[in-house]
Amino acid sequence: MTSTPAPPAAGAAPASLAVGAAPGSAPATAVAVTSWSIHLPAPPASTTTPCSAAPTSPGGRVSATSAPGAAVVGLPPVDPACPPDRAHTLLGRKGLLYKEPATRLALCAVHRALGLPDGVRPDATLDPGTAVVAASNLGNVGTIIDVTRAVAREGSRGVSPMAAPNASSNVIASSVALWFRFGGPNLMVCSGETAGLDALALGALLLRAGRADRVLVVGAEPDDETAVAVRRGPAAGAAAPPLRAGAACVVLEPAARAAVPLATLTVGPAVRRRADVPPWPAGPRVVVGPGHLDPAAAWGDCYGAQGVLQTALAARLVAEGADGVAVLCGGDDDGWRTALLTPATTTGRQP
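Residues numbered from 1 in each chain as written. Predicted model: local features only at pLDDT ≥ 70, side-chain atom pairs only at ≥ 80, totals over all residues. Heavy atoms only, no water.

1. A short note on the overall build of the chain
(1) Moving on: On a plain count of helices and strands, the chain comes out with 8 helices and 11 strands.
(2) Moving on: Put simply, the chain has 351 residues, and 53% of those count as buried.
(3) Moving on: Considering only contacts in the chain between residues 6 or more positions apart, those separated by 24 or more positions represent 77%.
(4) Moving on: Element-wise, carbon and sulfur atoms account for 57% of the exposed surface of the chain, whose accessible area totals about 15000 Å². (Helix = DSSP H or I, 4+ residues; strand = E, 2+ residues; numbered from the N terminus. Buried < 20%, exposed > 50% of the residue type's maximum accessible area, 1.4 Å probe, protein only. Contact = heavy atoms within 4.5 Å. Areas by Shrake-Rupley, 256 points an atom, 1.4 Å probe, with all protein chains shown as cover.)

Dropping the structure here:
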């Protein structure tokens, strides 16, 4: 009979295994994080005025506002980001009409990760080598409810042809691809609390399979009334962090070809229980996730986007000199997943 490892304690480092690799072995193709962004508008209760963010580390941008009174010990300072209704200040006005809040937030996060100037929509040729993997559980749930109610009241004629495309579960991923003219594989992940790390695992798999030269992994969630009600559910505890509208983006490339890699990424397997999370390699690590350095407890819960946000934060910490940062994401309902970010050299090889 085998023993089950104890769940990670606060401040200790739980686990990560390479996708498709045996424990302790290096993946066949190392995957590097080459850019990242975090885009968190001010929560409704905040009086902070949203504004554009400036770069805070090489290859990445962060803009956010923590909830009033929230503890942010150990988290980097952040600036407020533009909310969905002011996304035009970052993206330009053309093409945003009828775009849902989560889609607008995702577009903002990708725009920042690509380092594009404010207010300018990219005018580029189709890029078949860049894939998009999006993570969101509630991105269009408000539209689904509205369309369902309209059909029940008035039949199909009650549904606006401009709103109907937003009922597609793939609307965020496809909108990002169309907006930035990315012609590679296009995937949407809606797998609960591990969705962000599931999306990163799929992005790494696309690179290792040779299906893409670059993958933009983006997570986004809204905080409208319907999304909040679905997220909390009837059994939600009062101590659970509130749902936070926001988005994050992580850009992945093969480490061997990355011009300026910020970190090397390894995504671990999904496990049912937190006690089943395997141990990380030995050595002191910063851990980003529940019970550790927890952005959800300080800034609010981005649900399906949380894994992408935590990985973006981990990439920033590694770029600023951390020896290695582990990411822990999940919950009792949806299982757990981990990732490990370690420093990478300019040649794409770990030091």
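2. Things to note about the state of the cysteines
(1) Moving on: Under the counting rule described, the total for this entry stands at 0 disulfides.
(2) Moving on: Just so you know, Cys-108 is unpaired, no disulfide at all, and the nearest cysteine sulfur is the one on Cys-82, 4.0 Å from it. (Disulfide = S-S within 2.5 Å.)

3. Overview of a negative patch on the surface
(1) Moving on: A cluster of like negative charges, contributed by Asp-146, Asp-223, Asp-224 and Glu-225, occupies part of the molecular surface.
(2) Moving on: Along the chain, Asp-223 turns up in the loop between strand S6 (214–221) and helix H6 (225–232).
(3) Moving on: Under the relative-accessibility criterion, Asp-223 is labelled partly exposed at 31%. (Patch = residues over 30% accessible without salt bridge, like charges linked within 9 Å, V, L, I, M, F, W, Y side chains within 5 Å. Salt bridge = Lys/Arg side-chain N within 4 Å of Asp/Glu carboxyl O. Lys, Arg positive; Asp, Glu negative; His and termini not counted. Charge placed at Lys NZ, Arg CZ, Asp CG, Glu CD.)

4. Comments concerning the packing of aromatic side chains
(1) Moving on: All chains considered together, the criterion is met by 1 aromatic pair.
(2) Moving on: Here Phe-180 and Phe-182 contribute two aromatic rings whose centre-to-centre distance is 5.9 Å and whose plane-to-plane angle is 15 degrees, an arrangement assigned as stacked. Note on accessibility: Phe-180 and Phe-182 belong to one class, buried.
(3) Moving on: Here the guanidinium or amino end of Arg-121 rests over the ring plane of Trp-179, the centre of that ring lying 3.8 Å away.
(4) Moving on: The ring centre of Tyr-303 lies 3.8 Å from the NZ or CZ of Arg-231, which sits over that ring. (Phe/Tyr/Trp six-rings, centres within 6.5 Å; stacked < 30°, edge-to-face > 60°. Lys NZ or Arg CZ within 6 Å of the ring centre and 35° of its normal.)

5. As for the pairing of strand S4 (residues 130–135)
(1) Moving on: For S4, a buried count of 6 out of 6 residues is recorded, marking the element as mostly surrounded by other parts of the structure.
(2) Moving on: Of the two faces of S4, the one holding Thr-130, Val-132 and Ala-134 and the one holding Ala-131, Val-133 and Ala-135 are both buried throughout.
(3) Moving on: With 4 bridges connecting them, S4 and strand S5 (residues 186–189) associate as parallel partners. Each residue of the ladder has a partner; that of Ala-135, found in S5, is Val-189. (Pairing = 2+ DSSP bridges.)

Keep in mind that these numbers describe shape and distance, not what the molecule does.
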